[in-house]
Each structure stands twice: as C-alpha cells, then as structure tokens.
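Below, each chain spelled out in residue letters.
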Amino acid sequence: MILRCHALLFAAFSLCARADIALVSEGGAMAIIVTADHPTRVVRYSAEELVQHVEKATGVILEVRTESEAKTSVLPHIYLGDSRAVREVGIDVERLAAESFVLRVKNDAVFIAGNDGGGDPLDADTRAGTLWGVYEWLDRDLGVRWLWPGELGTQVPRTKTVIAKTCDETIAPRLFQRRLRAGLGFESEHPGLGFTKAAFKQFSDEQSVYLRRHRMGRSYLVSYGHAFTDWWEKDGKAHPEWFQLLESGKRGPNKKNGRFSMCVSNPELQHEIVARWSAKRPPNATTPGFINACENDILGLCTCDKCRVLDGAEPVDYLKFYPPTSKMAGSRFVSDRYARFWLGIQQQAPAGATVVGYAYFNYFQAPTSGIKLNPNILIGYCPSAGWFPRSVEEHAWMKQQWADWRSTGARLFMRTNHLLDGYCMPFIFAHQFSDEFHHAVEKGMVATDYDSLTGHWATQGPNLYTAARLHVRPEASAEEVLVEYYSAFGAASAKVKSYFEYWEDYTTRSREKINQTMEALQASRWRSWAKAAHVLYPPECFAPAVAMLEHASRAAGDDAEAAARVKFLQLGLQHAQLCARVSAMLTLASPTATKDEMKRAVDELIAFRRANERSGISNFNHLAWVEDLSWKLSEETRQTPDLYP
Ligand SMILES: [Zn+2]
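Small disclaimer: the values here were computed from a predicted structure and weren't measured.

A. Just the overall build of the protein chain, in detail. A count of helical and extended segments in the protein chain gives 20 helices and 18 strands. Relative to the 2.2 N^0.38 estimate, which gives 26 Å for 645 residues, the radius of gyration of the protein chain is 27 Å and therefore close to what a compact globule would have. Dimensions of the protein chain, computed from C-alpha atoms along their principal axes, come out at roughly 85 × 65 × 45 Å. Burial status across the protein chain gives 49% buried among its 645 residues. Taking all contacts inside the protein chain whose residues are at least 6 apart in sequence as the whole, residues at least 24 apart take part in 76%.

The following block contains the structure:
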C-alpha cells in the first residue's frame, strides 16, 4: 500500500483516516486532476475552479491532465467528469438524475463526476453536476465559503495540507430549480447614476460566478409567467368568451391596451391552452412538460356567473395584511376558480404534463371549497403583500397560505418579490427570511424563483448570503448560516455580528414606520424606495453603526483580509448614508434642494460611485433604476456614466 499521508507530518497523518487521500502536503502537490481526453466545458471549468481554490488555500497549483496524458503519473488522480476511469469504477453519468453527482474518495482516487450538459458552465440552463460536486467538496473538505461575489468575498481557510476524506455519495439538488434572479437587467432613464460599462461587466461577471458557486441553476427548462398577455390581440375578435366579462357586459380589457384576466371557467379556453402547448411540444421530448397557465399580471376579474359560481367562501382574514391603498382593496376572493382552472387544464393534458399557475393577488390565499389538486399542478407562491419585516402574526399568516396550498396536493415553488425591497439601506431580515424558507422546504417546496437579487452586498450581506446558502444547505439554521458569514471576519467577527444584529433589530422595530412612510410618501417597496430612504434611515440611526464598524476595524488587527472585509462594510455604510442624505434633498415626495444644491448632491454621489464602482459593494444600476422614479433629477444624469461627469 502506498502511504498517501506524508508519514513525517504528524498533523496531516493524524487527520488522515486509512483511505483518506492527501492532495497537498507541506507545499507540495500530492495528486493530479484528471479529465477525459476531450472534456466538456463544464468539466474544464470545474478543474479551473478546483485548482484556483486549492491554490488560494495552499499556494500549490494542482496539475490538470487528460486521461491519456496522466497514464505515467504515479500521483493519485482526482477524476473530474465522465471518463474511461470513471466508467471502469461503475459510475455511469448518463444514468444519474439531472444535475446529480457522485463524490467518491476511495481506493487511492477521488471521483467527482456528475450529470452535465454541453453548454456554458456559467449559464443557469447548463446542467453542471460535476461542478456542483467540486463545490460540495470545496465546501466540506476545504471549508470554502462564498460570502459575496469577487475575490474579497471568497473565504478560503489557509492550510498546508489538503486531505480528501473518505466518502462515497450520490447527491442531487433538493430543488429542481434554484433561482435568485440576477438583477443585472435594470435600466434607468438616468444611467449616469449607475455603473460605467467596464465596471458593470466586472460586477456582472463576478456575480454570475458567485451564483453558480451557490449552485443556482435548474434540472430542466420550466416555462411559466403571465401567460395570456397577447391573447386579446390575437384572439379577442374570434373568441371574446375566453376573456374576462366586465360589469359593463363587455368582454376583454376595460380600456385599449389595458391588462385583462381570462374567463377561466371556460372549458374551451382550458382546451385551447392544452392544444397550443401540445402543438409546440416536440413529439419525442424527454424532459418534463410544463403548461403555462399563470394568469396575466392582474387580479382575477371575470364577473361571469360560471366563474363566480366556482368561487369559495371568502376567508375571514382575506384582506387583513394588505394596505388600504393596495390593488387588493375591495377585491373578490377567487382562488377556487383558479384552482379549478388549473385542474381542468391538467385533466385534459397528456399524462405527466404539469400545469403551472401563480397564487397571486386575489387568488393568493388557498382555496376554501375543499378542492383537491395533485402533484401535476405546480403553483408559484407570489404574494403581493408580506414584505419583510413582518409582525409575528403576519409572518404566521404568510406561512399559513403556503401550508394551505400545499394541503391541496399541488407542488409549490417560491416566487416572491420581497428581495426587491430595501434599496441599498442596511435593511436586514435574515432570520425571518430563513424561517420562511425552512417552512417552505418542510412543506414540499420543489423550486425557487426569487425576484430579484438587487446586489447590495455590503449593506445587506446577511440577507443575501442566507438566501444563497439555504439553496445549498436548506437544513442549516439561520444561526449556522450567519456564523459562517461572520467567521470570515476573523477577530472582528463578534463585532460584525453585533453590527448586523443592530441593523436587523432596527429593521424589525421599524416595521410600522416603514409601512406608514411608504403609504404617506406614496413610495413603492420595490420601485421607488429612495423616496423614503431619508425618513426611514435618518442620520442618527447611522451613528452607532459607524462606531461599531470602527471597533470591528480595530479588532481585525493585522489580519489584512478581515480588515479589508470590514472596510468593504464601511464603504457600503458610507454609501448608504450618502444615499439617505441625497434622498432628503431630492425625494419626489417633497424635494428641498435648489438647483445648485441638487447638482452638488448628485455630483458627490456620482463621485463616490465612480471611485468605488469596482468594489462590488452595490449594484449601482439597480439604484439608478430606483432613484429614477424616486428623485427629482436634472438632465445631466440622463447621460451614460461613461460620458458623465
Ligand atoms: Zn368567466
């Protein structure tokens, strides 16, 4: 037997169980990475990621060779992806479930081989089981944590010895789709407030890598979304009876180009939806089929007798958690008609096809008529209320809606908009978010699609890390996840923890004030938060936080990495303070600035953003998008940042 552990190194030796394999020992490579002779892009990228992280941990660069080249090497092999050797030990990647991988460390070799597609490894639609396997191993055996995008947010414990621990497991993702929408598409009428082109590219590239490191992706294509937006134009003339009946007795939108809902009780409409889907479905398709039956972006409004007769009794707490100005005010509860609509479609669809609907607006609460659905109906949980932070009662109510839909027998996925909230303020709700996620997993969540990652990494890190990390470790408690995050700040970790606890407590206590201010200033949680930032984050709330980060900075001592991470938080906080100050002057609710003051304020903000746009603290394009509808702005910021100032 070849002794894989360096016999002279007691530390390494004592860590090494009999079949463990040392990959790096005392500054020397003890293994090589081996791929097929013609590896896929996913496998090549998996090798790069493995090399890069091991190098960051040890300073040692592992060699990557193809199977044919590796024949002469006496070092143990780390096999990545499908290859002859992998098949010889009985791993058949073709037979693995979508995105699954085998992680096997035994008989003097490491095997990480998964179900992979042939596409771009950074594309969410490319299956990347082998890459997930590499990340799983880096997580377990090297203790790597990806706190935020980019080098500084990549926590790799330094070590002289790397040991692959004995194991033999086949692992599949818990959710067939894991998605935090990247938030890279925000466009503003005032792009001058956003990124320059080059800085956006960096931000966007680093974030794409980050999302894959948290295994965002999907096992197969699922199509859904507001399904009938162009139907009136196409079919309104021939089939007005498929569309909502208005009080006026007319069918279709109530004004030209207005939004409209469907007459969902109409069996011919249900039939047509299946027929159109079937006509597009390739006859030899092997992936699961999804029939998009998500209502348009509007309440269910059909007033016809056939729709109305399907409606269940209105729940007693129906409008309890919606503000009086919500579109929901005065609406009729119509969940049962939608449940019957989806069931009707599913019953006409080919066996195995899944019908997708949204629980949204006045069909968000679960049906009350006792209707039973089944797993071939997939429902996106899409509340138009329930912003964090919630009261205890509201939080329980939100969870109850999920549980009640689950009780119908349908499968559920998370399709909330709550992550769009909070602008770039230190707006922290990690514990409540985590609790909702855990509850959903416990009650049958099969996929996620969060809209959207706004990318304010330096002020909202605990929220965002929790959202990403739970996708990989859904069983981890909020505390376990946050301990990982804080521990990356070295000796400053306790101070950083106190700092974010201060903000989470501040956020939680501000609930009433947030709701009232948003109403009073007519600001939208997801679209025009910067109208209200100065009211919700006045100067005095920042003072203790600034001091806490100064303490953290001192505590980091001569740990350069920890100090740089604290500095990252400080930059985010300075930027948030600046934004709150500018909000006070420019808010559309009651702008106070003169033309000169306005220019000075905007110039100062832009100078800060330009100086720090490579730091990764925030997605400035998201901010420009919010500020556009929140602030009184002049013409200058309509120029692209590459020209202005
Ligand atoms: Zn109807």
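B. Quick peek at the nonpolar core. If you look at the biggest cluster of nonpolar residues, it comprises 139 residues, and the most contacted ones within it are Trp342, Ala533 and Val566. A per-element tally of this core places helix H18 (residues 560-586) first, with 11 residues. If near-sequence neighbours (up to four positions away) are discounted, Val566 is found in contact with Phe489, Ala492, Val496, Leu549, Ala552, Ser553 and Ala556.

C. Quick look at the confidence of the model for the protein chain. Model confidence for the protein chain is summarised by a mean pLDDT of 95, while 97% of its residues fall at 70 or above. Scored below 50 in pLDDT, residues 1-16 makes 25 contacts in the model with residues more than four places away or belonging to other chains.

D. Broad picture of the packing of helix H7 (residues 267-280) against helix H9 (residues 335-348). Contact geometry for H7 and H9: axes closest at 9 Å, N-to-C directions at 50°. As far as their axial angle goes, H9 and H7 are oblique. Considering how the two elements wind past one another, H7 and H9 form a crossing that is right-handed. Listed contacts from H9 to Pro267, Gln270, His271, Ile273 and Val274 of H7 are Phe341, Gly344, Ile345 and Gln348.

E. The domain arrangement of the protein chain, seen in detail. For the protein chain, the assigned domains are domain 1 (10-172) and domain 2 (490-638). Contacts between domain 1 and domain 2 engage 4 residues on the former and 4 residues on the latter.

F. Representation of the environment of Asp82 within the structure. With respect to the helices and strands, Asp82 occurs in the loop between strand S5 (77-80) and helix H3 (84-88). Accessibility expressed as a C-beta count within 10 Å gives 24 for Asp82, which makes it buried. With 184 residues separating them in the primary sequence, Asp82 and Asn266 have C-alpha atoms 50 Å apart. Discounting chain neighbours no more than four positions away, the residues touching Asp82 are Ala36, Val93 and Ala113.

G. Structural context of the environment of Ala458. Among the structural elements, Ala458 can be located in the loop between strand S18 (445-448) and helix H12 (461-472). Placed 65 residues apart in sequence, Ala458 and Ala523 show a C-alpha to C-alpha distance of 24 Å. Excluding anything up to four places from it in sequence, Ala458 contacts Phe568, Leu569, Leu571, Gly572, Ile617 and Ser618.

H. Highlighting the pairing of strand S15 (residues 354-359). Burial analysis of S15 places 6 of its 6 residues in the buried class, which makes it a mostly covered element. Burial of S15 is two-sided: the residues Thr354, Val356 and Tyr358 facing one way and the residues Val355, Gly357 and Ala359 facing the other way are all buried. Strand direction decides the pairing type here: strand S14 (residues 290-292) and S15, joined by 3 bridges, are parallel. Counterpart to Asn292 in the pairing with S15 is Val356. Here 5 bridges tie S15 to strand S16 (residues 377-381), and the two strands are oriented parallel to one another. Across the sheet, residue Val355 finds its bridge partner in S16, namely Ile377.

I. Quick peek at the sheet that holds strand S10 (residues 162-164). A sheet is described by the order of its strands in space; here 3 strands give the open sequence S2-S1-S10, paired in antiparallel fashion. The two strands at the open ends of the sheet, each matched to only one other strand, are strand S2 (28-29) and S10. In terms of strand pairing, strand S1 (residues 21-25) meets S10 through 3 bridges, oriented antiparallel. Pairing of Ala22 across the sheet is with Ile163, part of S10.

J. Spotlight on the pairing of strand S3 (residues 32-35). As paired strands, S3 and S5 are joined by 3 bridges and run parallel to one another. In the sheet register, Ile33 faces S5, and the bridge partner there is Ile78. The sheet contact formed by S3 and strand S4 (residues 64-66) spans 3 bridges and is parallel. Looking at the pairing, Val34 lines up with Arg65 of S4.

K. Looking closely at helix H10 (residues 392-407). Given a rise of 1.5 Å per residue, 16 residues ought to cover 22 Å, and the 22 Å separating the end C-alpha atoms of H10 matches this to within 8%. Taken residue by residue, H10 has Met398, Trp402, Trp405 and Arg406 as its buried positions. The arc that holds the buried residues of H10, viewed along the axis, is 115°, so those residues lie on one side. Turned more than 90 degrees from where H10 packs its buried face, Val392, Glu393 and Ala396 sit exposed. For H10, the secondary structure elements touched by its buried residues are S15, S16, strand S17 (411-414) and helix H11 (430-442). Gly409 sits one or two positions beyond H10 and adopts a positive phi of about 100°.

Criteria and thresholds
Along each chain, numbering runs from 1 in the same order as the chain's sequence is written. Given that this is a predicted model, residues contribute local features only at a pLDDT of at least 70 and side-chain atom pairs are listed and counted only at 80 or more, while totals for whole chains, interfaces and linings are drawn from all residues. Put simply, DSSP marks the helices as runs of H or I at least four residues long and the strands as runs of E at least two long, and each gets a number from the N terminus on. Our radius of gyration looks at C-alpha atoms and nothing else; its globule reference is 2.2 Å times the residue count to the power 0.38. Neighbour density around each residue's C-beta defines its exposure: 20 or more other C-beta atoms within 10 Å make it buried, 12 or fewer make it exposed, and counts between make it partly exposed, where C-beta atoms are placed from the backbone. Contact between two residues is assigned when their C-beta atoms, built from the backbone, lie within 7 Å. For this analysis, nonpolar core means a set of buried Ala, Val, Leu, Ile, Met, Phe, Trp, Tyr and Cys residues linked through C-beta atoms within 7 Å. Per-residue confidence from the predictor is given as pLDDT, running between 0 and 100. Only C-alpha atoms enter the line fits that serve as axes; for helices the fit covers just the stretch in contact. Angles between N-to-C directions range over 0 to 180 degrees. Every angle not falling under 35 degrees, over 145, or within 65 to 115 is termed oblique; those three ranges are roughly parallel, roughly antiparallel and roughly perpendicular. Each crossing is labelled by how the near helix is turned from the far one, with a counterclockwise turn of less than a right angle marking it left-handed and a clockwise turn marking it right-handed. By convention here, the domain bounds are inherited from an automatic or database domain assignment. At least two DSSP bridges between two strands are needed for those strands to be called paired. Multiplying 1.5 Å by the helix residue count minus one yields the expected span of that helix. Directions pointing from the helix axis toward each C-beta atom define the arc.

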